[in-house]
Amino acid sequence: MTALELLGLISAVLLVQIVAAITYVVLRSKPAPPEAVPVRAAPNAAWQGLRAFRVRMREDEDDALTQTSFYLEPVDGQPLPPYRGGQFLTFQFDLPNAAGSVRPVMRCYSLSDRPDRQAYRITVKRIPSPSDKPDLPPGLVSNYLHEHVKPGTILQVRAPGGAFVLADDACIPTVLIAGGIGITPLFAMARAALAVQPDRAFHLFYGVRDSLDLVFEANLLALAEQHPNFHLTIVESAPLPAEAEADRFHETGFVDTALLRRVLPHGQHHFYVCGPPPMMASLVPALRDWGIAQDAVHYEAFGPASIESAEDIEAIPLNTPLAVQFAQAKRTLDWTGADTNLLDFAERSGVAVPSGCRSGSCGTCETAIVSGTVRYAQPPSFDVAEGRCLPCVALPTSDLVLAA
Ligand SMILES: Cc1cc2nc3c(=O)[nH]c(=O)nc-3n(C[C@H](O)[C@H](O)[C@H](O)COP(=O)(O)OP(=O)(O)OC[C@H]3O[C@@H](n4cnc5c(N)ncnc54)[C@H](O)[C@@H]3O)c2cc1C
C-alpha cells in the first residue's frame, strides 16, 4: 500500500467515525416518542396494535352542535374488516400534559353506522365540565376531537371490539333503549341488522332532553318509513316550547318501565340499553324488577356506571381488610371495601395504573394477577386473558398481588 493509499484509508475510517458520532448525538438529543400504552391485542382482533386512520370528513349531527361524526379511512388503503353493529374502536391520542411532554390517552368510541369497507364512522359528544363543578376542565378527548381534529388528521386506532352486539335470534323482538349519545351503538345495530333482515322487529326508545340533542334524526325517521317493523319512540325530558307543534317527539319524560309496559306489545323481548349513568343505574335494575330475565338485558356503559346486578355488587365493607400489593409500584395497601374497583383504589392511594375507558371495555388497565382472586361488578366486555384482570371493574375477593 502506498503512503497516499494509507492516507486515504485513514481519512475514510475517520469520516465513518465522525458520521457515527454525529448520528449518535442527533438521535440522543431527539425527544423520546410518547410511551406506548402496552395493551395485549384482543383475541381475534382484525388487526394487532394501532392502525393509522385519516379523517376524511366530519359532520355535525345535532342542532346544538355538540355531537359530531368523524369518517375515518385507513392510511394503508386496505379494505376494512367488517364489524358487528354495537362494537367500538379504541383510540390512542398522544396529547400534551401540563408538564409540556406528550402522554398517550386511550378512549373508546362506538362505530355509529353499519359496516362499510372504505370508512368507519364514530360520533362524539363534546363533554363540558360537570355543571356542579364548573372549575374542572371539560372532557379532554371529546373537546380535542371537536376543536382540533379536521379532515386530514391522522388518528391511531385499535381494531373493532366489544361484545355489545345483537343476539342472532331474530325471532324475538328487540328493544333498543338509548339515552343521549348512547344512541351510537344502537343505531349501528339497527342499521346493520335491517340491511340484511329488513323485516326484523325493533322498538327503539330514544331519550333526549330536547330536539336540539337529537342525532341521526332523518336516518331514524327513514328507517321507520322503510321498515314497517321498526318502531321509533322519541322521548324528550324537557321539550322546547315551540316543539309541540313541530312534532319531533312522541313522549315526554324519561324512558322507564311504565312507558315500556304501555308501548311494547305483550310478549318476549331482548333489551339493549346504552345511556348516561343515571339512566343505566335506574333502568337496568328496573327491567330485572319487572321480571325480564337477566340474559335478556344487555347493556353498555360509556364510562363508570354503577348498575346493580341480581347479586349484590356494591362495595362491601370488610371486618378485616384484604392486603392488595401492586408489585411494580412496590406498594401494599389495605382494601377495606370502600372503593368500587381496584383502579379507583390504586389511584386514590397514589399508584398509577394505565387506564382508558374505566368500564371494562378497552383493556388498557389489564394486569397480571400474581396471586389471589378478583370478581367483577359488571362482566367486562374486553376478553380478559387467563391469569389477568381489569382493575377498572375488578374487586378483590382475597389478598391479592397484581403485577402493576
Ligand atoms: C365502549 C365505549 C363506547 C363509547 N362510545 C362513545 C360514543 O359513541 N360517543 C361518545 O361521545 N362517547 C363514547 N364513549 C365515551 C368516551 O369514550 C369518553 O369517555 C367521552 O368522550 C369522555 O371523554 P373525555 O376525554 O372527553 O372526558 P374526560 O376527560 O374523561 O372527562 C369526563 C368528565 O370528567 C370531568 N373531569 C375532568 N377532570 C376531573 C376531575 N379531576 N375530577 C372529576 N371530574 C373531572 C370532565 O369535566 C368531564 O365532564 C364510549 C365509551 C365506551 C367505554
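What you see is a predicted model, and the numbers here were worked out from it, not measured in a lab.

Draft legend 1. The overall build of the protein, seen in detail. For the protein, the helix and strand inventory stands at eight helices and 19 strands. Counting the 404 residues in the protein, one finds 35% classified as buried. For the protein, restricting intrachain contacts to residue pairs at least 6 apart in sequence, the fraction spanning at least 24 positions comes to 65%.

Draft legend 2. Molecular detail of the nonpolar core. Grouped together as the largest cluster of nonpolar side chains are 86 residues, with contacts concentrated most on Leu89, Leu176, Ile177, Leu186, Met189, Ala190 and Val273. Of the residues forming this core, the biggest block, eight residues, is contributed by helix 3 (residues 183–196).

Draft legend 3. View of the sheet that holds strand 4 (residues 102–110). With respect to topology, six strands assemble into an open sheet ordered 4-3-6-1-2-5, the strand pairing being antiparallel. Each edge of the open sheet carries a strand with a single partner, namely strand 4 and strand 5 (120–125). Each adjacent strand pair in this sheet contributes to an overall mean axis angle of 40°, direction not counted. Along the sheet, helix 2 (residues 140–148) contacts strand 2 (67–74), strand 3 (88–96), strand 4 and strand 5; its crossing angle with strand 3, the most-contacted strand, is approximately 85°.

Draft legend 4. Representation of the pairing of strand 4. The pairing of strand 3 with strand 4 spans nine bridges and is classified as antiparallel. If you follow Leu95 over to strand 4, its bridge partner there is Arg103.

Draft legend 5. Main features of the site of the ligand. Around the ligand, a shell composed of 30 residues is seen, among which Gly139, Leu140, Val141, Ser142 and Thr184 lie nearest. The set of elements that each furnish at least two residues to the shell around the ligand consists of strand 4, strand 5 and helix 2. Looking at the shell around the ligand, its residues break down into 15 nonpolar, twelve polar and three charged.

Draft legend 6. Spotlight on unusual backbone geometry. A positive phi angle is found at Lys330, which is not glycine, with a value near 55°. Although it is not a glycine, Arg358 sits at a positive phi angle of roughly 60°. Structurally, Arg358 can be placed in the loop between helix 8 (342–348) and strand 15 (367–371). Arg358 gets classed as buried once you count the C-beta atoms within 10 Å, which come to 22.

Draft legend 7. Spotlight on the environment of Ala327. Of note, Ala327 is situated in the loop between strand 13 (322–326) and strand 14 (331–335). In the structure, Ala327 is positioned 76 residues away from Ala403 in sequence and 5.0 Å away in space, judged by C-alpha atoms. Aside from chain neighbours lying at most four places away, what touches Ala327 is Val370, Val401, Leu402 and Ala403.

Draft legend 8. Representation of the sheet that holds strand 7 (residues 174–179). Read across the sheet, six strands follow the order 10-9-8-7-11-12 without closing on themselves; strand pairing throughout is parallel. Among the strands making up the open sheet, the edge pair consists of strand 10 (251–252) and strand 12 (297–301). Examined bridge by bridge, strand 7 and strand 11 (residues 270–275) share five bridges and lie parallel to one another. Residue Ile177 lies in a different strand from strand 11, and its bridge partner there is Val273.

Calculation criteria
Residues numbered from 1 in each chain as written. Predicted model: local features only at pLDDT ≥ 70, side-chain atom pairs only at ≥ 80, totals over all residues. Helix = DSSP H or I, 4+ residues; strand = E, 2+ residues; numbered from the N terminus. Buried ≥ 20, exposed ≤ 12 C-beta atoms within 10 Å, placed from the backbone. Contact = placed C-beta atoms within 7 Å. Core = buried A, V, L, I, M, F, W, Y, C linked by C-beta atoms within 7 Å. Pairing = 2+ DSSP bridges. Axes fitted to C-alpha atoms, helices over the stretch in contact; angles between N-to-C directions. Near = placed C-beta within 6 Å. Nonpolar A, V, L, I, M, F, W, Y, C, P; charged D, E, K, R; others polar.

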